[in-house]
Amino acid sequence: MLSVKSVNKKFGSLVVAQDVGLELPQGVRHALIGPNGAGKTTLINLVTGMLAPDAGQIVLGGEDITGLKPEARVRRGLARTFQINTLFPQLTALESVALAVLERDGHAHNWWRGLARFGAEVDEAASILQSLNLQKSPHRLTRELAYGEQRLLEIALALATRPRVLLLDEPAAGVPKDESAELFAAIAGLSSALTVLFIEHDMDVVFRFATRIHVMVGGRILVEGTPDDIARDPRVREVYLGKTGTDHVSFRKPPLG
Amino acid sequence: MANANVKPLEVVFWLAALLPFVVTPNYLSLASQIAITALFALSLDLILGYAGIVSLGHAAFFGVGAYTAGLIAKHYWVEPLSGLVLAGLAAGLLGYLTSHIIVRFRHLALIMLTLGFGLLLLEAANSASALTGGADGLQGFRVPAVLGFKFDLYGTTAYAYALIVLFLCFLASRRIIHSPFGLALRGIRENATRMPAIGAPSRAHLRKAYTIAAVMAGIAGALLTHTTSTVSLEVLSFGRSADVLVILILGGAGRLYGGPLGAIIYMVARDQFSGLNPQYWYFWIGLLLVAVVMFLPNGILGGLSAFRKKRQ
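Calculation criteria
Residues numbered from 1 in each chain as written. Chains lettered and ligands numbered in written order. Predicted model: local features only at pLDDT ≥ 70, side-chain atom pairs only at ≥ 80, totals over all residues. Helix = DSSP H or I, 4+ residues; strand = E, 2+ residues; numbered from the N terminus. Buried ≥ 20, exposed ≤ 12 C-beta atoms within 10 Å, placed from the backbone. Pairing = 2+ DSSP bridges. Contact = placed C-beta atoms within 7 Å. Axes fitted to C-alpha atoms, helices over the stretch in contact; angles between N-to-C directions. Nonpolar A, V, L, I, M, F, W, Y, C, P; charged D, E, K, R; others polar. Core = buried A, V, L, I, M, F, W, Y, C linked by C-beta atoms within 7 Å. pLDDT = per-residue confidence, 0-100. Parallel < 35°, antiparallel > 145°, perpendicular 65-115°, else oblique.

S.K.: How should the environment of Arg106(B) be read in this particular structure?
M.R.: Within the element layout of this structure, Arg106(B) appears in the loop between α4 (80–102) and α5 (107–127). We classify Arg106(B) as partly exposed; it has 13 C-beta atoms within 10 Å.

This is the structure we're talking about:
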């Protein structure tokens, strides 16, 4: 569904992506892991068009989208969320999601009809909120929502674009560990037709939800494989235990609950 | 969803706008100036308050509208409504052309750019004195009437004309901010980074908003020409751009009624203070501004709505 082919990017002399390749078949749940500064978020920025690669290709559903603007990629079905909340503080949750739906359906240019005339779009926004268990306070301003709700709203905004591929940049960033399970349960409940790539540091979560894992180090994909492959790979152990040393990681696959 | 229903206070506001006809008939000329300034401020609110485009050169569009209306009246015909429409189109065309540059910038760069455009246009009008009359202004024409109503000495027709045009433009603005497009503008103001990530063509939205605001500012400028039968270089001045920004911030940006309310307070205060103290009236305006910004950072309307929320 999504292919990243030999993508390179330098900031001055700093190499942030070197010959990066990814193949995401439809419906899989990919995890992208790696130490801080490995270039994971940069890769999402390159794929979504927020950064332009120096070389390489991004192909979505067979179409080369390397030269397209970010918004054009979104309209072709490539959505993302942000590690740091990137929401609309003074819009309500419902308004924010409705805006994304209206943009998707090409109604956002309409300046002569009231929003009340777009009941179908608003209803769809409400049902997206419902699907993420956000239906309690649709009319509260985003900035007044609890942090965990704001993280879910990040996902709701991306879902409202009706993506084929969803890139989640640390969806549970800043969420306490006991609450992050709930968040990932919501992600696990997404349509199986949807292709998902998520960045995550919590290995319990990664091994529970990912069907494939890519390990990124220093701007390169070190290795990719199934969770079992990754758990056994000595290079991955070295990256996590040998060099950084600070991350305490267990590589046992937790029982599926 | 933003509530689009008409609130009782809105009805009160527009009924009160009719009061000058009976209560202060000697001040109808001032009232028409206020209505024109209110429309100008409303046009700025669309881009500043809703889309977050800071402009220090909004007088460019007001001025182009004023001169377009003046030139039509002087050289071609004196029927004002067609002049009003053409003035709006001329200002809108300029707005559309400059919008392609404007939407690429934000913050400080935007302030400098709009300021620069404004100054360019002012000097162009100044040096093209054969066309504009230069520093002497455009004179020697008189718009006698609108739709058969003669412009009288007291300004009754002038105020009625300005108020009706303001009201119609206000309805249009209200429509716009409660539309999907209005929601998209607020989205851009709230988070320009997120907009492309939900598939929004932010720059196209901003270009449209800027063009609409320019049309409205041009109509305001034409109103001034029609009601005063003269155009001076002042319509393009930096002072006018700065004043309208002050007025909008005073009243409260992003609230639709902030511009009209700010215009009333600012223009009445200026009228009164300049009567008291002709040389130093800017002192009082300065004091008013400092007080509002210190105690009501979201303008008078922002302060009022915060007060109402607290009481609930």
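S.K.: Sorry, what's going on with the sheet that holds strand β2 (residues 14–24) of chain A here?
M.R.: Residues and elements named next belong to chain A. Strand order across the open sheet formed by four strands is β2-β1-β4-β5, with antiparallel pairing between neighbours. The two strands at the open ends of the sheet, each matched to only one other strand, are β2 and β5 (63–64). Across five bridges, strand β1 (residues 2–11) lies against strand β4 (residues 55–60) in antiparallel orientation. Its bridge partner being in β4, Asn8 is matched across the sheet by Ala55. With respect to the sheet, helix α1 (residues 40–48) is in contact with β1, β2 and β4, its orientation differing from that of β2 by roughly 65°.

S.K.: Would you take a moment to explain the sheet that holds strand β6 (residues 78–80) of chain A for this structure?
M.R.: Two modes of strand pairing occur in sheets, parallel and antiparallel, and in both the strands are linked by backbone hydrogen bonds. All names here are of chain A. If you trace the six strands from one edge of the open sheet to the other, you get β6-β7-β8-β3-β9-β10, paired in mixed fashion. Strands at the two margins of the open sheet, each flanked by one partner only, are β6 and β10 (220–225). If you compare each strand with its neighbour and ignore which way they point, the axes differ by 20° on average. Note that strand β9 (residues 212–217) and β10 share five bridges and pair antiparallel. In the sheet register, Val217 faces β10, and the bridge partner there is Arg220. Along the sheet face, α1 touches β3 (29–33), β6, β7 (165–169), β8 (195–199) and β9 and points at about 150° away from the line of β7.

S.K.: Where do I start with the interface of chain B and chain A in this structure?
M.R.: How big an interface is tends to be stated in terms of accessible area lost as the parts join. Counting residues at the interface gives 24 residues for chain B, matched by 33 residues for chain A. When contributions to the side of chain B that touches chain A are tallied by element, the ones reaching two or more residues are α7 (156–177), α8 (180–190) and α9 (194–197) of chain B. When residues in the side of chain B that touches chain A are grouped by element, the largest group, eight residues, is from α8(B). Taken together, the residues that form the side of chain B that touches chain A break down as 13 nonpolar, seven polar and four charged.

S.K.: Is there a simple way to explain the pairing of β9(A) in this structure?
M.R.: Side-chain positions along a regular strand alternate between the two faces of the sheet. Residues and elements named next belong to chain A. A large share of β9 lies buried, amounting to six of its six residues. Burial of β9 is two-sided: the residues Arg212, His214 and Met216 facing one way and the residues Ile213, Val215 and Val217 facing the other way are all buried. One ladder, built from four bridges, connects β3 with β9; its direction is parallel. Within β9, the residue paired with Ala31 across the bridge is Ile213. Following β9, the chain reverses through two residues before pairing antiparallel with β10; Gly218 in that reversal takes a positive phi of roughly 55°.

S.K.: I would appreciate a short explanation of unusual backbone geometry in the present structure.
M.R.: Backbone phi values are negative for most residues with the exception of glycine, while trans is the configuration of most peptide bonds. Positive phi outside glycine occurs at Arg162(A), with the angle close to 55°. Within the secondary structure, Arg162(A) sits in the loop between α5 (147–160) and β7.

S.K.: Can you walk me through α8(B) in this structure?
M.R.: What sets the pattern is the α-helix's 3.6 residues per turn: residues three or four places apart point alike. Most of α8(B) sits out of view: 11 of its 11 residues are buried. For α8(B), every residue scored as buried is listed here: Pro180(B), Phe181(B), Gly182(B), Leu183(B), Ala184(B), Leu185(B), Arg186(B), Gly187(B), Ile188(B), Arg189(B) and Glu190(B).

S.K.: Can you help me understand the nonpolar core in this one?
M.R.: Taken as a class, soluble globular proteins show a tendency for nonpolar side chains to be buried jointly. Val97(A), Ala156(A), Leu39(B) and Ile219(B) are the most contacted members of the largest nonpolar core, which has 177 residues in total. Among the elements that line this core, the one with the most residues is helix α2 (residues 28–50) of chain B, at 15 residues.

S.K.: Teacher, can you tell me more about the environment of Gly95(B) here?
M.R.: Residues and elements named next belong to chain B. With respect to the helices and strands, Gly95 occurs in helix α4. Residue classification places Gly95 among the buried positions, given that 28 C-beta atoms sit within 10 Å. Contacts of Gly95, omitting those with residues within four sequence positions, involve Phe61, Tyr210, Thr211, Ala213, Ala214 and Val215.

S.K.: Which parts of the structure should I look at to understand the confidence of the model for chain A?
M.R.: For residues with low pLDDT, the predicted coordinates do not support detailed interpretation. Residues and elements named next belong to chain A. Confidence in the prediction of chain A, expressed as mean pLDDT, is 90, and 93% of residues score 70 or more. Within chain A, helix α3 (residues 93–104) carries the highest mean pLDDT (97), whereas helix α9 (residues 234–243) carries the lowest (76). Counted against residues more than four places away or in other chains, residues 244–248, with its pLDDT under 50, gives two contacts.

S.K.: Help me understand the packing of α7(B) against helix α10 (residues 202–228) of chain B, please; the structure alone is not making it clear to me.
M.R.: Residues and elements named next belong to chain B. Relative orientation of the contacting elements α7 and α10 amounts to 175°, with a least axis distance of 10 Å. Relative to α10, the element α7 lies roughly antiparallel. For the pair α7 and α10, contact is made by Ala158, Tyr161, Ala162, Val165, Cys169 and Ile176 and by Ile212, Met216, Ile219, Leu223 and Thr227, respectively. Residues of the contact of α7 with α10, tallied by class, amount to 10 nonpolar, one polar and no charged.

S.K.: When you look at the environment of His107(B) in this model, what are you seeing that I'm missing?
M.R.: For His107(B), the position within the fold is in helix α5. It is 29 Å that separates the C-alpha atoms of His107(B) and Ala87(B), two residues lying 20 residues apart in sequence.

S.K.: Looking at this model, I keep getting lost on the confidence of the model for chain B. Mind explaining?
M.R.: Across chain B, the average pLDDT comes to 93, with 99% of residues at or above 70. Scored as a whole, the predicted complex attains pTM 0.90, and scored at its interfaces, ipTM 0.89.

S.K.: Just checking my understanding: could you explain the pairing of β4(A) for this structure?
M.R.: Residue and element names in this part refer to chain A. Here β4 runs beside β5; their pairing, made up of two bridges, is antiparallel. Within β5, the position partnered with Leu60 by the bridge is Glu63. In sequence, β4 turns back onto β5 through a hairpin of two residues, with Gly61 there showing a positive phi of about 55°.

S.K.: What should I look at first to understand the packing of helix α11 (residues 238–251) of chain B against helix α12 (residues 258–276) of chain B in this one?
M.R.: All names here are of chain B. One can describe the packing of α11 onto α12 by two numbers: an axis separation of 7 Å at closest approach and a directional angle of 110°. Taken as axis vectors, α11 and α12 run roughly perpendicular relative to one another. Contacts between α11 and α12 pair Val246, Ile247, Leu248, Leu250 and Gly251 from the former with Gly258, Gly259, Leu261, Gly262, Ala263, Ile265 and Tyr266 from the latter. Residue composition of the contact of α11 with α12, grouped by class: eight nonpolar, four polar and no charged.

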